[in-house]
Amino acid sequence: MSTQFLSHISETLRSIEAEGLYKRERMITSPQGGEITVAGREVINLCANNYLGLADHPALIDAATGAMGPKGFGMASVRFICGTQDIHRELEQRLADFLGKDDSILFAACFDANGGLFEPLLGPEDAVISDSLNHASIIDGVRLCKAKRYRYLNNDMNDLEAWLKQARADGARHIMIATDGVFSMDGYLANLPEITRLAKEYDGIVMVDDCHATGFMGPRGAGTPDHFGVDVDILTGTLGKALGGAIGGYIAGPQPVIDLLRQRARPYLFSNSLPPAIVAAGIEAIRLVEEGADMRAQLFENARYWRAGLEALGFDLLPGEHPIIPVMLGKAQVAQDMASRLFDEGVYVSGFFFPVVPRGQARIRTQMNAALTRDELDRALAAFGKVGRDIGVIS
């Protein structure tokens, strides 16, 4: 590799660090949980997507380890060659039943699911209308298809309707509205009642990425459509957050859609099958969620308590009802400094800043989980208060 190219890369890295945007990773030496061991010390973890506290649940560990004996360690193949076991289809049908869909299809991650969704289903005669704050995986998936692309302002239903009218005026054959169910940087919920109403009026298709909702939003924990009591056409999601926190994504929807994706979705056709241990644990995670009303209640009780505590301390919070509760700080370096000082006080959080969020909107995104105790929350609030005052974020 040329010296000139490496010098260019090194200069880019120096620039990232000079702007306070350099991301560093800390080594965790314990299982994921409400408290974890990082750099030899116990810290309260407020930045994992472990919403139901299942990442170290004994039942999931038993299911995963128990599957490796009869099913093996890995599939060493893609699904259509020789990589499909009976438990792969069992998990897909369990997911479909849980989400109220005909069928589902598994991917290595939801990033792959979103990356493989649009191109097989939509052609140049079609249109995608995408929320401006959609996850990067939706953005990348849309780029891979040949449909006309439109973008509406975040959760702005007037703007969405205007683009629906434009797409119809432009002669679109099929129109797909693509949205996150939960906008993960803010904790805002997509306005699915109005989105589905507009889709019906303009004969559109609704696709929702429900990664930050499946397992705990709604009366059954089946996500944002369950929360709002509406039906959407296509759901994508993950096993890597509330459903155990490992890896694996899926698309759930009508049978013809899933059947076509099995034939043409490139991340599905050209990536190894999920390992049996992950699949078995996913099946067990769905069982726990279906019986998990108490876990969901505890999660939202923790979220209410945490939000009220931060508000009482005087922090600037984004409004919401989701267990994602962002603490707004503005400057990237402030977010970095606060995260570092909180770690010194025994609280593990991460600063979020450009390009993950817009410039000037840096934050610490705190996330609740059902396994956090009241004592842990109180200790974390005390740390937030101390550090916030020390760096002048609160008085």
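For the structure, check the block above.
Let me sum up the structure you'll find in this document. As a convention, each chain's residues are numbered from 1 in the sequence order in which they are written. The predicted origin of the model limits local features to residues at a pLDDT of at least 70 and limits the giving and counting of side-chain atom pairs to 80 or more, whereas totals for whole chains, interfaces and linings rest on all residues. Hydrogens are left out, water is left out, and the side-chain values use all remaining heavy atoms of the structure.

Quick word on the packing of helix 4 (residues 86-99) against helix 12 (residues 276-290)
For any two helices packed against each other, one specifies the inter-axial angle together with the distance between the axes. Only the contacting stretch of a helix is used when fitting its axis, a line to C-alpha atoms as for every element, and angles between N-to-C directions run 0 to 180 degrees. Here a helix means four or more residues in a row that DSSP labels H or I, a strand means two or more in a row labelled E, and each is numbered from the N terminus. At a minimum axis separation of 9 Å, helix 4 and helix 12 run at an interaxial angle of 25°. By the angle class used here, helix 4 and helix 12 are roughly parallel. For the pair helix 4 and helix 12, the crossing hand works out as left-handed. Along its contact with helix 4, which presents Ile87, His88, Glu90, Leu91, Arg94, Leu95 and Phe98, the element helix 12 presents Pro276, Val279, Gly282, Ile283, Ile286, Arg287, Val289 and Glu290. Reported orientations rely on four angle classes, namely roughly parallel under 35 degrees, roughly antiparallel over 145, roughly perpendicular from 65 to 115, and oblique for the rest. The handedness criterion is simple: a crossing whose near helix is rotated anticlockwise from the far helix by less than a right angle is left-handed, and one whose near helix is rotated clockwise is right-handed. Note on contacts: a residue pair qualifies if any of its non-hydrogen atoms lie within 4.5 Å across the two residues.

Focus on helix 10 (residues 255-264)
The cut-offs for exposure are 20% and 50% of the maximum accessible area for each residue type, with area from a 1.4 Å probe on protein chains only; residues under the lower value are buried, those over the upper are exposed, and the others partly exposed. Looking at helix 10, one finds that the buried residues are Val257, Ile258, Leu261 and Arg262. Along the long axis of helix 10, the arc covered by the buried residues comes to 140°, so they all point the same way. Set apart from the buried face of helix 10 by more than 90 degrees, the exposed residues are Pro256, Gln263 and Arg264. It is the directions from the helix axis to the C-beta atoms whose arc is reported.

Brief notes about the sheet that holds strand 1 (residues 35-38)
Strand order in this open sheet of 3 strands is 1-2-13, and the pairing throughout is mixed. The open sheet has two free edges, formed respectively by strand 1 and strand 13 (347-348), since each of these has just one partner strand. A pair of strands is labelled paired if DSSP reports no fewer than 2 bridges between them. Of the strand pairs in this sheet, strand 1 and strand 2 (residues 41-45) are connected by 4 bridges, and their pairing is antiparallel. Along strand 2, the bridge assignment pairs Ile36 with Val43.

In short, shape yes, function no, at least from these values alone.
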